[in-house]
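The lines below spell out each chain.
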Amino acid sequence: MRIHAPKDWELAESAVTPEAIYAARDRRSFLKAAGLGLAGAVLLGRKALGATAGFPASVNPAYPAGSLKVTPYDLITSYNNFYEFGMDKGDPVENANKGWKTEPWTIEIGGLAGNPGKWDVDDLIGKLGGIEQRVYRHRCVEAWSMVIPWNGFALAKLVDFAQPKAEAKYVRFTSFLDRAQAPGQQDESFGYPYLEGLRMDEARNELAFLATGIYGRPIPNQNGAPIRLVTPWKYGFKGIKSITRIDFVTRQPYNTWQRLAANEYGFYANVNPTVDHPRWSQASERVIGGGLFGGRQPTLMFNGYEKQVAGLYQGLDLRKYY
Amino acid sequence: MSWLARLLRSKALVLTLIILPGLWPAWPILQGNPTVLADPTKYLLHHFGFVACILLATVLCFTPLRVLWPRWDLALALNRHRRLVGVSAFFYAAIHLGFQFLHEGGWPTFWTDLRKPFLLTGLVTFTILLILAVTSLKAAVRWLGGRRWKRLHRLAYLAAGLAAYHQAAARKIFPVQVLWIFLPVLALELARIARERWPAPKAAPPARA
């Protein structure tokens, strides 16, 4: 067992929301507090779009920051994999904020849903009972990690709302398609729109989350505004951004990265330190914001959420179903 | 001789051109670019590897340029710097490897990672560049003798091929930059081989008045 003694620089759970409010009021002090330079200020100055309903979010005490060191806001919002807006980590923050509109936003629920239909995201948030804050670890398949205070609601709530029929075995998520606004989507080889899926029991797991905010503010475009999936026990690419459709289906969806390179990325994508990526080790991870000599920390099974999700995969060969 | 060729003959200028890309990362870091600061070792790792690839590809263009256009003053000027550019490719590769160490957490993962072709090709490329850099010292050239030296230094082409694979494998999606870095070398080399196999007819000696 690992016993973690909190260090004096670690943020308490209670510090998260106040810091965000502080950031909105006085961004220069915030950046200083985050131990960073000047450039991030540009991002904080931008008008937030996305889903604005439900703020300020209530804090869900079941998912506190605890001893985790929360990643600074400007790193979370300027180090992104969102290939629709460019392949480099700094591309999305530039290209997703050149007029791409994420408000208003309609999300369609279909497939084998007993309650199908189209909803405005803000209305949907209202119907599902508002949003809450959860601090989750985030582990990218590229072996880096963050700790992110998300705002949003449990995916299970949406599943219940949609009333899937008994034949439905999987949930399929579809992202947006807008080749004019998203330059990366002009590359036909990706087969956009981005697609992801979960097994029904995964979707109903308490951890599965639809995020509409970060740090108590609407989710920025580059992080997948206005609504994205967060499955903290899986690699980040499962967290499909800017969702436009959710369908309940009988067959396992063929997710985008599996289609692009099935030998490297699977359907499950569970964080697993014992199953390496063909090109790098998954045993440990670099902490974003750790600096030049920040070193690495060991990666935990299911990204530290073994207690909540291990039961979903009993009897499944995780080496085969990576 | 053209002014450009005269300029490119200067060792000082070429050395400056080689050193500048190494100083470039200071700019986003001092500026506080959050994308770079989020994962600085990855940025530095990729940057130095990228420069090493460019230098390796560049130096391999020099000889075919001279073979194909033996009277072109630019090609001749560039060929004065073969050793300098080649050895700097090695230095950039060494810095790149150093950051790989920092990035991946040192020895424990270093050895296990060598089972992965992506990382093994990188290390083999580096080893070749190391051997070529050491044997580019004057004493080593004398010790080896011209023919053996030349044969040994053909390994540079193997290094280029491995580096191209290594660079392509570093990304989740094939990076197009690999093509524009290494395709010119391939094209020039093929042209050079063709030229050496089927030499151009000797130009008629200038008629005497």
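Residues numbered from 1 in each chain as written. Chains lettered and ligands numbered in written order. Predicted model: local features only at pLDDT ≥ 70, side-chain atom pairs only at ≥ 80, totals over all residues. Heavy atoms only, no water.

(A) Broad picture of helix H13 (residues 177-197) of chain B. Residues and elements named next belong to chain B. With 21 residues, H13 should cover 30 Å at 1.5 Å per step; its first-to-last C-alpha distance of 31 Å lies within 8% of that length. Within H13, the axis deviates most sharply at Leu183, by approximately 30°, and proline Pro184 lies no more than four positions further along. For H13, the complete set of buried residues consists of Val178, Ile181, Phe182, Val185, Leu188, Glu189 and Arg192. On the buried face of H13, the contacting elements are helix H5 (40-68) and helix H12 (155-169). (Helix = DSSP H or I, 4+ residues; strand = E, 2+ residues; numbered from the N terminus. Expected span 1.5 Å × (residues − 1). Bend = angle between axes of the 7 residues up to and from the residue. Buried < 20%, exposed > 50% of the residue type's maximum accessible area, 1.4 Å probe, protein only. Contact = heavy atoms within 4.5 Å.)

(B) Focus on the packing of aromatic side chains. All names here are of chain A. All told, the structure shown has 31 aromatic pairs over all chains when counted by the stated rule. Pairing Tyr83 with Phe190 gives two aromatic rings, centres 6.0 Å apart and planes at 80°, and the pair type is edge-to-face. With Tyr83 in the loop between helix H4 (73-76) and helix H5 (91-95) and Phe190 in the loop between strand S6 (170-175) and strand S7 (195-199), this pair connects stretches of sequence that are 107 residues apart. Here Tyr83 and Phe190 have matching classes, each one buried. Joined through ring pairs, the aromatic side chains of Tyr83, Phe190, Tyr192, Phe237, Trp257 and Tyr265 make up one cluster. (Phe/Tyr/Trp six-rings, centres within 6.5 Å; stacked < 30°, edge-to-face > 60°.)

(C) Up close: the packing of helix H2 (residues 11-23) of chain B against helix H7 (residues 82-104) of chain B. Residue and element names in this part refer to chain B. At a minimum axis separation of 11 Å, H2 and H7 run at an interaxial angle of 15°. On the basis of their axis angle, the class for H2 and H7 is roughly parallel. The element H2 and its partner H7 pack so that their crossing is right-handed. Residues Lys11, Val14, Leu15, Ile18, Ile19, Pro21 and Gly22 of H2 form the contact with H7, whose participating residues are Leu84, Val85, Ser88 and Tyr92. The class makeup of the residues in the contact of H2 with H7 is eight nonpolar, two polar and one charged. (Axes fitted to C-alpha atoms, helices over the stretch in contact; angles between N-to-C directions. Parallel < 35°, antiparallel > 145°, perpendicular 65-115°, else oblique. Left-handed = near helix turned anticlockwise from the far one by under 90°. Nonpolar A, V, L, I, M, F, W, Y, C, P; charged D, E, K, R; others polar.)

(D) The arrangement of a positive patch on the surface in detail. Residues and elements named next belong to chain B. Together, Arg66, Arg82, Arg147, Arg148, Lys150, Arg151 and Arg154 make up a region of like positive charge exposed at the surface. At four residues, helix H11 (residues 146-153) tops the list of elements feeding residues into the positive patch. Looking at the element boundaries, Arg154 is found in the loop between H11 and H12. (Patch = residues over 30% accessible without salt bridge, like charges linked within 9 Å, V, L, I, M, F, W, Y side chains within 5 Å. Areas by Shrake-Rupley, 256 points an atom, 1.4 Å probe, with all protein chains shown as cover. Salt bridge = Lys/Arg side-chain N within 4 Å of Asp/Glu carboxyl O. Lys, Arg positive; Asp, Glu negative; His and termini not counted. Charge placed at Lys NZ, Arg CZ, Asp CG, Glu CD.)

Fair warning: the whole summary comes from geometry, so function is off the table for now.
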